[in-house]
Amino acid sequence: MLWNVASKALVLSYDSGHARNVRLGQVADNGNLQTIELGKHNGRVHKLAVQPGSPHMFYSCGEDGFVQRFDLRSNSSTKLFCCSTFTGTDNLFSSNILSLNSIIIDPRHPNYFYLGDCDQYARVYDSGGLRNFSMGVRNFFKNFRPRGI
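About the cut-offs
Residues numbered from 1 in each chain as written. Predicted model: local features only at pLDDT ≥ 70, side-chain atom pairs only at ≥ 80, totals over all residues. Heavy atoms only, no water. Helix = DSSP H or I, 4+ residues; strand = E, 2+ residues; numbered from the N terminus. Buried < 20%, exposed > 50% of the residue type's maximum accessible area, 1.4 Å probe, protein only. Contact = heavy atoms within 4.5 Å. Areas by Shrake-Rupley, 256 points an atom, 1.4 Å probe, with all protein chains shown as cover. Pairing = 2+ DSSP bridges. Axes fitted to C-alpha atoms, helices over the stretch in contact; angles between N-to-C directions. Salt bridge = Lys/Arg side-chain N within 4 Å of Asp/Glu carboxyl O. Patch = residues over 30% accessible without salt bridge, like charges linked within 9 Å, V, L, I, M, F, W, Y side chains within 5 Å.

> Teacher, can you tell me more about the overall build of the chain here?
Check the secondary structure of the chain and you find zero helices and 14 strands. Out of the 149 residues in the chain, the part that is buried amounts to 35%. For the chain, long-range pairs separated by at least 24 residues make up 32% of all intrachain contacts whose partners lie at least 6 apart in sequence. By element, 49% of the accessible surface of the chain is carried by carbon and sulfur atoms, the whole surface being about 9200 Å².

See the structure below:
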């Protein structure tokens, strides 16, 4: 898909023949579309989230459980962490990787992003308060679960 960032509108949608990767596209003067690969997931990417106030920064989440941050100024990506299930006690985590299908950045607090997946929890992360994502999913800020589940 090709988006007009200024108007937040879909301009073009086409089958690129690529799967499991995040690509940056630019329409050349002659009308041809040129793309470069910014990052890759092992599985589909269901959602991208642009950081409010920073149109050159965005995040992706994928079926592989990874959250990645992209910076268009350097055409690079960083794998932040891999999300796994809770064990049920004291917010400890198992080795079962979650298939992520949604990521949203809070427009009022751009450091907070929310993840949706295939279990009953919604997770909130504070990217500004965390300097080292190497600890993985243990760095979450808050999680929510509907009562009775």
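The discussion continues.
> Which parts of the structure should I look at to understand the sheet that holds strand β6 (residues 57–62)?
Think of a sheet as strands paired side by side through backbone hydrogen bonds, with each pair either parallel or antiparallel. An order of β5-β6-β7-β8 is seen for the four strands of this open sheet, with the pairing classed as antiparallel. Only two strands of the sheet have a single partner each, and these edge strands are β5 (45–50) and β8 (76–82). Strand-to-strand twist in this sheet, taken as the mean axis angle between neighbours without regard to direction, amounts to 20°. As paired elements, strand β7 (residues 66–71) and β8 share six bridges and run antiparallel to each other.

> So what exactly am I meant to see when it comes to the side chain of Asp71 here?
Secondary-structure assignment places Asp71 in strand β7. Setting aside residues no more than four positions away along its own chain, Asp71 makes contact with His56, Met57 and Ser76.

> Honestly, the pattern of salt bridges in this entry has me stumped. Any pointers?
Once their charged atoms are close, side chains differing in charge can pair, the charge on each being opposite to the other. Overall, the coordinates contain four salt bridges when judged by the stated rule. A salt bridge links Arg44 to Glu63, with the nearest nitrogen and oxygen atoms 2.9 Å apart. Residue Arg44 is located in the loop between β4 (33–40) and β5, and its partner Glu63 is located in the loop between β6 and β7; the two are separated by 19 residues in the primary sequence. Arg44 gets classed as exposed once you look at its relative accessible area, which sits at 55%.

> How do you make sense of a nonpolar patch on the surface when you look at a structure like this?
Together, Val11, Leu12, Val27 and Leu33 line one region of the surface with nonpolar side chains, adding up to about 310 Å² of accessible area. Secondary-structure assignment places Val11 in strand β2 (residues 9–12).

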